[in-house]
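Secondary and tertiary structure notes
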Amino acid sequence: MATEEKRQELLGRLKNAVIQYDEDGAKEAANEVIALGMDANDAIFNGLVSGMEEVGRLFEAQEYFVPELLMSADALYAGLDILKPHVRQLDLGVKGSVVIGTVEGDVHDIGKNIVKMMFDVAGFTVYDLGRDVPLDKFVEEQLRTDSDLVCLSAMMTTTMVGMKKVISDLKAKNPNVRIMIGGAPVSSDIADKWGADGYAKDANNALKDAINMVSSLKKMKEEAEAKKRG
Amino acid sequence: MTPRQTILKAFEGGKASRVPVTLFGAGMWSIKNFGSTFKELSEDEGRMADMLVAMSGKLLCDVVYAGSGYNNFHAAAALGGSMKFREMGAPDLEAHLAASEEDLQKLDIRSIDSDRVIETTKKACRAAKSRIGDEYVVTLTAWGPFTLGARLVGEETMMKATFKKPALVEKVVDFATGLLMHLYGPLVDDGTLEVISLADPTASGDLISKKQFERFALPYLKKFTDWAKGKGAHTLVHICGNTTDRLDLFPATGASCISLDHKTDIRKAKEVLHGKMCFGGNVDPVKIMLNGSVQDVEEACRETIRTAGADGGFVLMPGCDIPPTVPYENIQKFIQVARDWRY
């Protein structure tokens, strides 16, 4: 068993490896965590994720930009790949499944990938459709996987209008699905106007919102079932 | 004064009788409203020219952009790959990306000479110039050097390479700059183009830092605009994202006019840029142009001109290209506010 001191040291190293986008550092610290039999869940959330939260803060403060964010994500994944097989139960309180993709006409998937990473970390089942995804594909995949959440991304003013159609098609097929949209030209105004349930300002915010949406959805389902039984 | 003279006057820092005004690119809007498709026009330079002429009369922008939406062909031709047409969005690359310096060395800028679609856009540009070039500025649009470079190696690779392989980034952006010169050279030399229009969305203020912009985007924009200037051509450069923190760098791009995203603080832009270079902007393309009422458009345009453009050296533009579903009435109002504005 690792001492509290050693635990703190390793958590600090994992956190800093993410902040300083040091893939090797993240791997080394993660391997030590496993070798010492430390709790992998603890290492992920209080080490790697804590580092990503700081990266999110630096991004918001415009100290970090997308290149830094991408490299931090690589460092996080480097640690996560080692730790994940040792996790007995990943638990942020809520788990769900999500369909995610960048809409047709748009090949810009950097933002989508970062949001996807946050879902991976939180233990969501992620169905990633990639980029330039035909609009009908979102609807098909949601029905096929019975996912709680669909996340749509667009980076161009010329492609974002495709989201509007996906939202109405999804809601028509399955009124209970929750839809989140994000991307440079998107705003909370647009999300409201087009009937999306959430707007992802950034990756941290996307995950928080997603957890809220999925919990409210689960609650709704439970209530409906209780009613049926009652 | 013609629309052409009006906007050229602003590029030179002066004031014509009214505020210059133009959309940026607008290829997707124009092709949709002309009742055609990217694919159809790519095979027919006559019809592409007809579209440009018809839309110039409908939109009444000071600038007419040939090739808008066809920018990715330049990268595809260089990579030797094919292009994908589709219902939504501009045609895009199916080519394999250049991943290393070795791959890059195999690329040849002359490969754009044999691309049929690029040839079609150039011919349509020449035809439009001869039909409406006295009245309007007719330009051909392409990606800026940093964005074109990122298309060649992949955006995510490019972003990381700014830290991991800076020398590769410099090489690929330099290659892209050479490609642009090769593309535009003949059109400038034969007098077709007096303005070159470049969009540099990957050099966005939301994607890369000021320092990265200064190292990887700026020197190549400067190299290109110097080259253009040497041939007597103006340059209109659009950069996406919030660039408020780096406005002070823009005069060093050497562009005749810099077009700013709606996220950029236009008041600050006036403070920093007025008297140094012409700038354009920055009515919100989605909130106002797409979703606003005609009255919202009018108010936003007036406010933008009052804040940034009342002293000249300014072009009223949306903060980016517009969605293809923007109501025509909103565009009409957008143009009308500037056309009616007397200094």
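Counting restarts for each chain: residues are numbered from 1 in the order of the written sequence. Chains carry letters from A onward and ligands carry numbers from 1 onward, assigned in written order. The predicted nature of this model means local features are confined to residues of pLDDT at least 70 and side-chain atom pairs, given and counted, to a pLDDT of 80 or more, with totals for whole chains, interfaces and linings taken over all residues.

1. Some words on the overall build of chain A
The criterion, for reference: Helical segments are the DSSP runs of H or I of at least four residues, strand segments are the runs of E of at least two, and each set is numbered from the N terminus. It is over C-alpha atoms that the radius of gyration is taken, and the globule rule equals 2.2 Å times the number of residues to the power 0.38. A pair of residues counts as a contact when their C-beta atoms, built from backbone coordinates, are within 7 Å of each other.
A tally of helices and strands in chain A yields nine helices and five strands. Tracing chain A from N to C terminus, the helices and strands come up as α-α-α-α-β-α-β-α-β-α-β-α-β-α. Against the compact-globule benchmark of 17 Å for 230 residues, chain A has a radius of gyration of 19 Å, which places it among compact chains. On the principal axes, the C-alpha backbone points of chain A span a range of 55 × 50 × 25 Å. At a minimum sequence separation of 6, the contacts of chain A that also span at least 24 residues come to 75%.

2. So, the overall build of chain B
Heads up, the condition is: Exposed residues have 12 or fewer other C-beta atoms within 10 Å of their own C-beta, buried residues have 20 or more, and partly exposed residues fall in between, where C-beta atoms are placed from the backbone.
From N to C terminus, chain B includes 15 helices and nine strands. Rg of the C-alpha trace for chain B: 19 Å, near the compact-globule value of 20 Å for 343 residues, within the 12% margin. C-alpha extents for chain B along the principal axes are approximately 55 × 45 × 40 Å. Taking all 343 residues of chain B together, 57% fall into the buried category. At a minimum sequence separation of 6, the contacts of chain B that also span at least 24 residues come to 70%.

3. Overview of the sheet that holds strand E4 (residues 137-143) of chain B
Residue and element names in this part refer to chain B. Note the threshold: Any two strands with at least two DSSP-identified bridges between them are counted as paired. Helix axes are fitted to C-alpha atoms over the stretch in contact, other axes to C-alpha atoms as well, and angles between N-to-C directions run from 0 to 180 degrees.
Taken in spatial order, the seven strands line up as E1-E4-E5-E6-E7-E8-E9 in an open sheet, and their pairing is parallel. On the outer flanks of this sheet lie strand E1 (63-66) and strand E9 (314-318), each paired with one strand and no other. On average, adjacent strands in this sheet sit at an angle of 25° to one another, irrespective of strand direction. Note: strand E8 (residues 278-283) against E9, five bridges, orientation parallel. Paired with Val-283 across the bridge in E9 is Pro-318.

4. A short note on the interface of chain B and chain A
Basically, it comes down to this: Gly is put with the polar residues, along with every residue not named as nonpolar or charged; the nonpolar set is Ala, Val, Leu, Ile, Met, Phe, Trp, Tyr, Cys and Pro, and the charged set is Asp, Glu, Lys and Arg.
Contact with chain B, which involves 28 residues of that partner, is made by 25 residues of chain A. Contributing elements (two or more residues each) for the side of chain B that touches chain A: helix H9 (155-164) and helix H13 (285-290) of chain B. For the side of chain B that touches chain A, the element with the most residues is H9 of chain B, which contributes six residues. A breakdown of the residues in the side of chain B that touches chain A according to their chemical character gives 13 nonpolar, six polar and nine charged.

5. Re the sheet that holds strand E3 (residues 149-153) of chain A
Residue and element names in this part refer to chain A. Strand order in the open sheet formed by five strands is E2-E1-E3-E4-E5, and the pairing between neighbours is parallel. Both outer strands of the open sheet, strand E2 (125-133) and strand E5 (198-200), are each paired with one neighbouring strand and no more. Neighbour-to-neighbour, the strand axes of this sheet turn through a mean angle of 20°, independent of strand direction. Relative to E5, strand E4 (residues 178-182) is paired through three bridges, and the arrangement is parallel. By the bridge assignment, Gly-182 is partnered in E5 with Ala-200. Contacting strand E1 (97-103), E2, E3, E4 and E5, helix H5 (residues 110-121) runs over the sheet at an angle of about 175° to E1.

6. A few points about the packing of helix H6 (residues 135-145) of chain A against helix H7 (residues 161-173) of chain A
All names here are of chain A. Our working rule: Just so you know how the angles are binned, under 35 degrees is roughly parallel, over 145 roughly antiparallel, 65 to 115 roughly perpendicular, and the rest oblique. Left-handed describes a crossing whose near helix is turned anticlockwise from the far helix through less than a right angle; right-handed describes the clockwise counterpart.
Contact geometry of H6 with H7 gives a least axis separation of 9 Å together with a crossing angle of 30°. Our classification of the angle between H6 and H7 gives roughly parallel. Considering only the axes of H6 and H7, their crossing is right-handed. Each of Leu-135, Phe-138, Val-139, Gln-142 and Leu-143 in H6 lies in contact with H7, whose residues at this interface are Gly-162, Lys-165, Val-166, Asp-169, Leu-170 and Lys-173.

7. Things to note about H9 of chain B
Working note: α-helix, 3.6 residues per turn, so residues spaced by three or four point in the same direction. Of all the residues in H9 of chain B, the buried ones are Glu-155, Met-158, Met-159, Lys-160, Ala-161 and Thr-162 of chain B. Where H9 of chain B is buried, its residues touch helix H4 (66-83) and H5 of chain A together with helix H8 (145-153), helix H10 (166-189) and helix H11 (210-230) of chain B.

8. Brief notes about the domain arrangement of chain A
All names here are of chain A. Which entries qualify depends on this criterion: Where each domain begins and ends follows an automated or database-derived domain assignment.
Each domain of chain A was delimited in the assignment, giving domain 1 (4-86) and domain 2 (97-225). Using C-alpha coordinates to define each centre, domain 1 is positioned 26 Å away from domain 2. The interface is formed by 12 residues belonging to domain 1 together with seven residues belonging to domain 2. For the side of domain 1 that touches domain 2, the secondary-structure elements that each account for two or more residues are helix H3 (40-60) and H4. The element contributing the most residues to the side of domain 1 that touches domain 2 is H4, with seven residues. Across the side of domain 1 that touches domain 2, the residue classes tally to 10 nonpolar, one polar and one charged.

9. Points about the nonpolar core
Residues and elements named next belong to chain A. How we decide: Working definition: the nonpolar core is a set of buried Ala, Val, Leu, Ile, Met, Phe, Trp, Tyr and Cys residues, joined through C-beta atoms within 7 Å.
Counting residues in hydrophobic clusters, the biggest one holds 199 residues, and the most contacted among them are Leu-14, Val-18, Ala-43, Phe-138, Leu-152 and Met-163. Two domains share this core, each providing at least three of its residues, namely domain 1 (4-86) and domain 2 (97-225). Beyond its immediate sequence surroundings of up to four residues, Ala-43 is in contact with Leu-10, Leu-11, Leu-14, Ala-30, Val-33, Met-38 and Leu-83.

10. Notes on the confidence of the model for chain B
The line we're drawing: Note on scores: pLDDT gives the predictor's confidence for each residue, bounded by 0 and 100.
On average, chain B scores 95 in pLDDT, and the residues at 70 or more come to 100%. Across the assembled chains, the prediction reports ipTM 0.87 with pTM 0.89.

11. Considering the environment of Glu-53 of chain A
Within the secondary structure, Glu-53 of chain A is located in helix H3. With 35 residues separating them along the chain, Glu-53 of chain A and Val-18 of chain A place their C-alpha atoms 9.6 Å apart.

12. Quick look at the pairing of E4 of chain B
All names here are of chain B. Of all seven residues making up E4, seven are buried, and the element is well covered by its neighbours. Pairing geometry for E1 and E4, over four bridges, is parallel. Pairing of Val-64 across the sheet is with Val-138, part of E4. Pairing between E4 and strand E5 (residues 195-199): three bridges, direction parallel. Along E5, the bridge assignment pairs Ala-142 with Leu-198.

13. A short note on unusual backbone geometry
The bulk of non-glycine residues show a negative phi, and the bulk of peptide bonds are trans. With a phi angle near 50°, Asp-146 of chain A is a residue other than glycine that sits in the positive phi range. Looking at where Asp-146 of chain A falls in the secondary structure, it is placed in the loop between H6 and E3. For Asp-146 of chain A, a count of 9 C-beta atoms within 10 Å corresponds to the exposed category. Notably, Leu-60 of chain B is not glycine yet its phi reads approximately 60°, a positive angle. Its location among the elements puts Leu-60 of chain B in the loop between helix H4 (45-59) and E1. Overall, Leu-60 of chain B belongs to the partly exposed group, with 19 C-beta atoms counted inside 10 Å.

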